[in-house]
Amino acid sequence: MKRIILHLDMDAFFAQIEERENPQFRGKPIVVGAEPKGGRGRGVVSTANYKARKYGIHSALPISKAFKLCPNAIFLPVNISYYQKVSEKIREIISQALKRKGGKKMEIVSLDEVYLDISFLKSYKEAKNFAQELKKKILKREKLTCTIGIGPNKLVAKIACQKAKPNGLLVITPKKVKSFLGPLDIEIIPGIGPKTAEKLRKIGINKISNLRKLKKSQLKEMFGKVGEIIFERVRGIDEREIKTEKVIKSIGKQYTFQKDTKNPKVIFLVFEKMLREVYKELKVENFYFKTITVICRFSNFETHTKSKTLKEKSKDLKVLEKEAKKLLLRFLVENSRKIRLIGLRVKIC
Ligand code: TTP
Ligand code: MG
């Protein structure tokens, strides 16, 4: 049976929730993220509403830059536990709507993003009706807008959603896939990051339609296994299934220092706090861990990681502490540069 896949992604999620909760900010540029401290803040933007995006502000931009671009924007801290609650409510609305129609397959990608397998609706017309109803329900019950993309697979549904933002709905039927993807920039294909794109640009390839001219063997030679996947994706082929079970793969924390530092006392103090926080989350979920990763970003933004995989899984704080500190210590011994950020991540099992 031919598949019909729906991708739903909330618009400017954190910022839209803040706008809903604070009507006095409505219509103004809103930036959710680290404290800007009059332009001296050192963290990053989590997200910005569409009004603030007009000034060039976007996720992961240093908050100091965001402040320079629009000092009059409303800057708000990240209230993640509240956004999680909203996220759960939205998922509930979606899963109820799906079940009512007789569907079962929903994949949760992140706080504000899901895929649904709605092949059972049998036609794109029905799929479009379902999506319109879903958008209406979320708006009515949660007063929030989202965008939906529909297509024959995850790839096409996701790109359709990206193209229809904000508050949009775009349906790409199988016979439209080729003409839809052809004129788009190559970076829109997952797997084509900045480096891959640069390599392709150098040989005159900017658009997906140009990229289709390369043979599978050429792409394989240039990019290895990823090249083979790119070959399929540019033709709109994507067999990935909707994964219904919620999979938490890792737990992590990171911290940006107020001032770059190489003082081990300061670094270890923060690190110990992160260790306890990560451990707390592990305990709440009753998870085991096996791989521990320490992340270190130096003052020039160069970022390195060091990992350790244990012989056996563990849930012991002492083991986590010992192994993570060993990794951190190696960073401090091997480098004399100042550190901007440290992070800790554990792969769970
Ligand atoms: P996105 O869906 O990528 O972004 P968005 O919902 O803010 O905007 P849109 O989908 O309309 O383009 O991410 C969802 C939330 O995740 C976002 O509101 C904030 C958070 N987030 C970060 O904290 N840091 C990031 O770098 C990104 C990309 C998202
Ligand atoms: Mg979103």
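Procedures and definitions
Residues numbered from 1 in each chain as written. Chains lettered and ligands numbered in written order. Predicted model: local features only at pLDDT ≥ 70, side-chain atom pairs only at ≥ 80, totals over all residues. Heavy atoms only, no water. Helix = DSSP H or I, 4+ residues; strand = E, 2+ residues; numbered from the N terminus. Rg over C-alpha atoms; globule rule 2.2 N^0.38 Å. Buried < 20%, exposed > 50% of the residue type's maximum accessible area, 1.4 Å probe, protein only. Contact = heavy atoms within 4.5 Å. Areas by Shrake-Rupley, 256 points an atom, 1.4 Å probe, with all protein chains shown as cover. Donors = N, O, S within 2.8 Å, 3.2 Å for Na, K, Ca; no water. Tetrahedral: all angles 85-135°; square planar, octahedral: opposite > 155°, others 65-115°. Salt bridge = Lys/Arg side-chain N within 4 Å of Asp/Glu carboxyl O. Pairing = 2+ DSSP bridges. Axes fitted to C-alpha atoms, helices over the stretch in contact; angles between N-to-C directions.

A. The overall build of the protein, seen in detail. Looking only at helices and strands, one finds 13 helices and twelve strands in the protein. Its C-alpha atoms give the protein a radius of gyration of 22 Å, near enough to 20 Å, the size a compact globule of 349 residues would have. Expressed as lengths along the three principal axes of its C-alpha atoms, the size of the protein is roughly 60 × 55 × 45 Å. Out of the 349 residues belonging to the protein, those deemed buried represent 46%. Put simply, 63% of the contacts in the protein that link residues at least 6 apart link residues at least 24 apart. Put simply, the protein shows about 19300 Å² of open surface, and 53% of that area lies on carbon and sulfur atoms.

B. Seen up close, the coordination of the magnesium ion (ligand 2). Taken together, the protein donors to the magnesium ion (ligand 2) comprise Asp-9 (OD), Met-10 (O) and Asp-112 (OD), at separations of 1.9 to 2.3 Å. Geometry at the magnesium ion (ligand 2) is octahedral, judged from the six donor atoms that bind it and their angles of 79 to 179° at the metal. Between the donor residues of the magnesium ion (ligand 2), the gaps in sequence give the motif D-M-x101-D. Placement of Met-10 in strand β1 (residues 5-10) and of Asp-112 in the loop between β5 (106-110) and β6 (113-117) is noted, with a sequence separation of 102 residues between them. Here Met-10 matches Asp-112 in class, with each residue buried.

C. View of the pattern of salt bridges. As enumerated under the stated definition, the model contains 22 salt bridges in all. The shortest N-O distance in the salt bridge between Glu-272 and Lys-325 comes to 2.7 Å. Separated by 53 residues along the polypeptide, Glu-272 in helix α12 (residues 264-285) and Lys-325 in helix α13 (residues 317-334) bring together distant segments of the chain. Note that Glu-334 is salt-bridged to Arg-330, the shortest N-O span being 3.7 Å. Linking Glu-334 with Arg-330, this pair stays in helix α13, spanning four residues, or about one helical turn.

D. View of the sheet that holds strand β3 (residues 45-48). The strand order across the open sheet formed by three strands is β3-β2-β4, and the pairing between neighbours is mixed. Either end of the sheet is taken by a strand with one partner, and the two such strands are β3 and β4 (74-76). The average undirected angle you get between the axes of adjacent strands in this sheet is 25°. With three bridges connecting them, strand β2 (residues 30-33) and β3 associate as antiparallel partners. Across the sheet, residue Val-31 finds its bridge partner in β3, namely Ala-48. Strands β2, β3 and β4 of the sheet are contacted by helix α1 (residues 13-21), whose axis makes an angle of about 115° with β2.

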